[in-house]
Amino acid sequence: MEEIKMKKHVTVVAAIQTGWSLLILIGAFGSLLGLSIARSAVGNEEVAAPILRVLSITIPLFLGLIATLGLVGGIGLFVYKQWARYIVIVLSAIGLLFIPIGTLKGVYFLWVLLQTDTIKLFEGDNTRTTVQTV
């Protein structure tokens, strides 16, 4: 019974992680577009242009990397891959710093993914079913 509950929790975590990562990916494209427009609007000013050039590369790249890791981890959780569990644990721990939503999401994700029953799910203990003949 407890394993069924944890399967539901893992599915919820996987869905939230995948959806959140898609939103971050959209934000990465938006920041790339917005910062590129800002860079072209500024022109060649001495101070603003180099700063915007660096920001227009690093921010979308960082957001894209985090979003890609989150997508891969979220999709991997749907099929109970151990490596996906590790990815989402690391991203959840980092997310604790982003108050309040990241903290709430991170605490819930860590609670789900660090439970003993969840660990058993990812180790494959529940996937082996034995058929008993009468």
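Conventions and cut-offs
Residues numbered from 1 in each chain as written. Predicted model: local features only at pLDDT ≥ 70, side-chain atom pairs only at ≥ 80, totals over all residues. Heavy atoms only, no water. Patch = residues over 30% accessible without salt bridge, like charges linked within 9 Å, V, L, I, M, F, W, Y side chains within 5 Å. Areas by Shrake-Rupley, 256 points an atom, 1.4 Å probe, with all protein chains shown as cover. Salt bridge = Lys/Arg side-chain N within 4 Å of Asp/Glu carboxyl O. Helix = DSSP H or I, 4+ residues; strand = E, 2+ residues; numbered from the N terminus. Expected span 1.5 Å × (residues − 1). Buried < 20%, exposed > 50% of the residue type's maximum accessible area, 1.4 Å probe, protein only. Contact = heavy atoms within 4.5 Å. Axes fitted to C-alpha atoms, helices over the stretch in contact; angles between N-to-C directions. Parallel < 35°, antiparallel > 145°, perpendicular 65-115°, else oblique. Left-handed = near helix turned anticlockwise from the far one by under 90°. Nonpolar A, V, L, I, M, F, W, Y, C, P; charged D, E, K, R; others polar. Core = buried A, V, L, I, M, F, W, Y, C linked by side-chain atoms within 4.5 Å.

Peer 1: Explain a nonpolar patch on the surface here, please?
Peer 2: Together, V12, I16, W20, L23, I26 and I101 give the surface a local cluster of nonpolar side chains, amounting to about 550 Å² of exposed area. The leading source of residues in the nonpolar patch is helix 1 (residues 2–42), at 5 residues. Note that I101 resides in helix 4 (residues 101–113).

Peer 1: What is the right way to read helix 2 (residues 48–78) from this model?
Peer 2: A turn of α-helix holds 3.6 residues, and therefore any two residues three or four places apart point the same way. Over its 31 residues, helix 2 extends 45 Å from the first C-alpha to the last, a length consistent with the 45 Å expected when each residue adds 1.5 Å. Within helix 2, burial applies to A49, L52, S56, P60, G64, A67, G70, L71, G73, G74, G76 and L77. The inward-facing, buried residues of helix 2 abut helix 1, helix 3 (82–95), helix 4 and helix 5 (116–123). Within two residues after helix 2, Y80 carries a phi angle of roughly 60°, on the positive side.

Peer 1: Honestly, helix 1 in this entry has me stumped. Any pointers?
Peer 2: The first and last C-alpha atoms of helix 1 sit 58 Å apart over 41 residues, in line with the 60 Å expected at 1.5 Å per residue. Within helix 1 the residues assigned to the buried category are M6, V10, V13, A14, Q17, T18, S21, I24, A28, S31 and L35. Contacts made by the buried residues of helix 1 are with helix 2, helix 3, helix 4 and helix 5. Positive phi shows up at G43, right after helix 1, with a value of about 85°.

Peer 1: What's the story with the packing of helix 2 against helix 3 in this structure? I'm lost.
Peer 2: How two helices sit against one another is set out by the angle between their axes and by the gap between those axes. Contact geometry of helix 2 with helix 3 gives a least axis separation of 8 Å together with a crossing angle of 135°. Between helix 2 and helix 3, the angle falls in the class oblique. Taken as a pair, helix 2 and helix 3 cross one another with a handedness that is left-handed. When helix 2 is examined against helix 3, the residues I66, L69, G70, V72, G73, G74, G76 and L77 are found in contact with a partner set consisting of W83, A84, R85, I87, V88 and L91. Of the residues assigned to the contact of helix 2 with helix 3, the class counts are 9 nonpolar, 4 polar and 1 charged.

Peer 1: Any chance you could explain the nonpolar core here in plain terms?
Peer 2: The tendency in soluble globular proteins is for nonpolar side chains to be buried side by side. The biggest cluster of nonpolar side chains holds 14 residues, and the ones touching the most others in it are V13, L77, V88, V112 and L113. When contributions to this core are tallied by element, the ones reaching two or more residues are helix 1, helix 3, helix 4 and helix 5.

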